[in-house]
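# Notes for the structure review
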Amino acid sequence: MKATLSSGIAWLYAGLIFFGLGSQALAVPGDFDESGRVDGKDLMVLSRAYGASNGDAAFDATIDLNEDGTIDASDLAIFRNLFALSGRVQSVFVANEYSHQVLRLSGSGREMLSYTTNSSDVKVLGVDEEREWIWFSLQGTQGVRVIDFEGNIIKEIEGANTPNDIFVNQENGYVWIKDVSRIYRVSPDVPDDYDVLLDSGYHQIITGVSSVSDIAVDNLSGAPVAWVVERYSNSIYRITPTGMPDNYDLDTESGYHTKVTFSGPQFLAVNQADHTIWVASTTEIKHLGSNGTSELGVVDSLSNIGGIAVNPVTGVCWYFDTSADMIVRLSETCVQEITFSPFVSNYIDVYAICVDPLTGEVFVADNGSDTIAKYSPNGTYLWDKGPYYYAYDLHC
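The structure reproduced in this document is the subject of the present report.

The rules behind each value
- Residues numbered from 1 in each chain as written.
- Predicted model: local features only at pLDDT ≥ 70, side-chain atom pairs only at ≥ 80, totals over all residues.
- Heavy atoms only, no water.
- Disulfide = S-S within 2.5 Å.
- Buried < 20%, exposed > 50% of the residue type's maximum accessible area, 1.4 Å probe, protein only.
- 1 Å grid on protein atoms, 1.4 Å probe; cavity = no way out; pocket = protein on both sides within 12 Å on 5 of 7 lines; lining within 4 Å.
- Points joined across faces, edges and corners; volume = space filled by probe spheres on them.
- Nonpolar A, V, L, I, M, F, W, Y, C, P; charged D, E, K, R; others polar.
- Phe/Tyr/Trp six-rings, centres within 6.5 Å; stacked < 30°, edge-to-face > 60°.
- Helix = DSSP H or I, 4+ residues; strand = E, 2+ residues; numbered from the N terminus.
- Pairing = 2+ DSSP bridges.
- Axes fitted to C-alpha atoms, helices over the stretch in contact; angles between N-to-C directions.
- Contact = heavy atoms within 4.5 Å.
- Salt bridge = Lys/Arg side-chain N within 4 Å of Asp/Glu carboxyl O.
- Polar contact = N/O pair within 3.5 Å; in protein donor to acceptor, adjacent residues only side chain to side chain.

## Section: the state of the cysteines
In the structure shown here, the tally under the stated rule is one disulfide. Left unpaired, C317 is separated from the closest cysteine sulfur, that of C334, by 7.3 Å. The class for C334 is buried, based on a relative accessible area of 6%.

Below, the structure is given as structure tokens:
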């Protein structure tokens, strides 16, 4: 069993590093990608080396913060404090549909941002952590709005017909937006009032889809790879957008995608540490390799899966079952490790789930109780906040 540093010892290690007494050679301790800041990208670097020991191919001495020869929970504890010292805090972002709100809650549940649109429902959102932007749908207006973490409007994008999924690639800031019949890959440099149907130069369009239910993006060897769930055609598409022509049709063209058959897919999550994917129908979850074909684990005969989320550090997958009113943690081989029911016992209607990879804590939007609840990595109830009416989407 791996030992975990106490908070006090972790702070001591962080202090030693800051004062140059450790062997850490980085100008900014914890800044593994040497971007000048400690952020989520550095956490991804740590995730990819997590579990490695000296002599392993994945081992990197600069990530072994306590210099014990293994990158493990002790190093994650030190990194967590370095992350906090950088001024960045744990947050969960909420798309609160019927209240027309975008919310940002702190790790203690305090509202750090409460932004209300004039009249448009906010159904889905994506967060650009580096730019500190929030992209979210404006239902009924064929638009997407971008605000900063203070609630200031940055820009609006027009032309997307009822956007129902938004995913931000944290590596390059490109945003994937899905509407009724198209997928848009939009540059973060897109100007204000840009129309994805009329303008050009800042986006690509992907066609040949009609029932996309989920999108997730990975970065494999520095190149983006998008995974798209096409529900009614029992398909998962693996798309490599670099060099892909505009208006690329998944039905009739080839060269930039592969197709994987999966019965009734609904949800997909990418582990950006090992590049594997988790795919769920309403009754089955599979853990697949980076090509989407090799099977690493499967669990079936489930009741009614409503969503999944992956922790890239530990490799575990969380899902919620809307019929059984249960939240479950799966191991990398799809063994059920933890099962618990949300704290509200009268009426449970979980709609979204996300996991904070820095702490392993889980956030759940329960529309039965109109709350956002937080749980420990072992399923212990920590707190709930509300009322938040019909919270449809979460981002950790």
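## Quick notes on the layout of surface pockets
The volume enclosed by the second largest pocket comes to roughly 360 Å³. Contributing to the lining of the second largest pocket are 19 residues, with N311, T314, T359, G360 and P377 lying nearest its centre. Considered class by class, the residues forming the lining of the second largest pocket number ten nonpolar, six polar and three charged.

## Structural notes on the packing of aromatic side chains
For the coordinates displayed, the defined rule picks out 13 aromatic pairs. Between W318 and F340 the ring centres are 6.3 Å apart and the planes differ by 75 degrees, which places this aromatic pair in the edge-to-face class. One end of the pair, W318, is in strand β23 (residues 317-321); the other, F340, is in strand β25 (residues 336-340), with 22 residues separating them in the sequence. With a relative accessible area of 1%, W318 lands in the buried category. On the basis of an interplanar angle of 65 degrees and a centroid distance of 6.1 Å, the ring pair of Y375 and Y381 is categorised as edge-to-face. Accessibility expressed as a relative area gives 2% for Y375, which makes it buried. For Y381, a relative accessible area of 36% corresponds to the partly exposed category. Grouping aromatic residues by their ring pairs yields a cluster made of Y98, Y351, Y390 and Y392.

## A short note on unusual backbone geometry
With glycine set apart, most residues show a phi of negative sign, and most peptide bonds adopt trans. Of the consecutive residues G386 and P387, the connecting peptide bond is found in the cis state with omega at 5 degrees. By secondary structure assignment, the location of P387 is in the loop between β29 (381-385) and β30 (391-395). In the Ramachandran plot, D193 falls in the positive-phi region, its phi being about 65 degrees despite a non-glycine side chain. Its place among the elements puts D193 in the loop between β10 (183-186) and β11 (194-195). On the basis of relative accessibility, which here comes to 47%, the residue D193 falls in the partly exposed class. Of note, the phi angle at S301 is positive, near 55 degrees, even though the residue is not glycine. Topologically, S301 is positioned in the loop between β21 (295-299) and β22 (305-310).

## Remarks on the sheet that holds strand β4 (residues 125-128)
The pairing of strands in a sheet happens through backbone hydrogen bonds and is either parallel or antiparallel. Strand order in this open sheet of five strands is β4-β5-β6-β7-β11, and the pairing throughout is mixed. One side of each edge strand has no neighbouring strand; the edge strands of this open sheet are β4 and β11. Taken together, the six bridges between strand β5 (residues 133-138) and strand β6 (residues 143-148) define a ladder with antiparallel strand orientation. Each residue of the ladder has a partner; that of W135, found in β6, is V146.

## Quick word on the sheet that holds strand β2 (residues 101-106)
In spatial order, the strands read β3-β2-β1-β30; together these four strands make up an open sheet with antiparallel pairing. Edge positions in the open sheet fall to β3 (111-116) and β30, since each of these has one partner strand only. Taken pair by pair, the neighbouring strands of this sheet meet at an average axis angle of 15 degrees, ignoring direction.

## Focus on the side chain of T117
Note that T117 resides in the loop between β3 and β4. By relative accessible area, T117 is classed as buried at 5%. Once residues lying within four places of it in the same chain are set aside, the contact partners of T117 are H100, V122, F136, L138 and R145.

## Thoughts on the pattern of salt bridges
By the definition in use, this model includes six salt bridges. A salt bridge links E295 to K286, with the shortest nitrogen-to-oxygen separation between them at 3.5 Å. With its nearest N and O atoms 2.9 Å apart, the salt bridge here joins R329 to E337. Under the relative-accessibility criterion, R329 is labelled buried at 17%. By relative accessible area, which is 40% here, E337 ends up partly exposed.

## Looking at helix α2 (residues 40-49)
Given 3.6 residues per helical turn, the α-helix brings residues three or four places apart onto the same face. With eight of its ten residues buried, α2 lies for the most part within the structure. Within α2 the residues assigned to the buried category are G40, K41, D42, L43, M44, L46, S47 and A49. Two or three places before K41, at the opening of α2, D39 has a side-chain oxygen 3.1 Å from that residue's backbone nitrogen.

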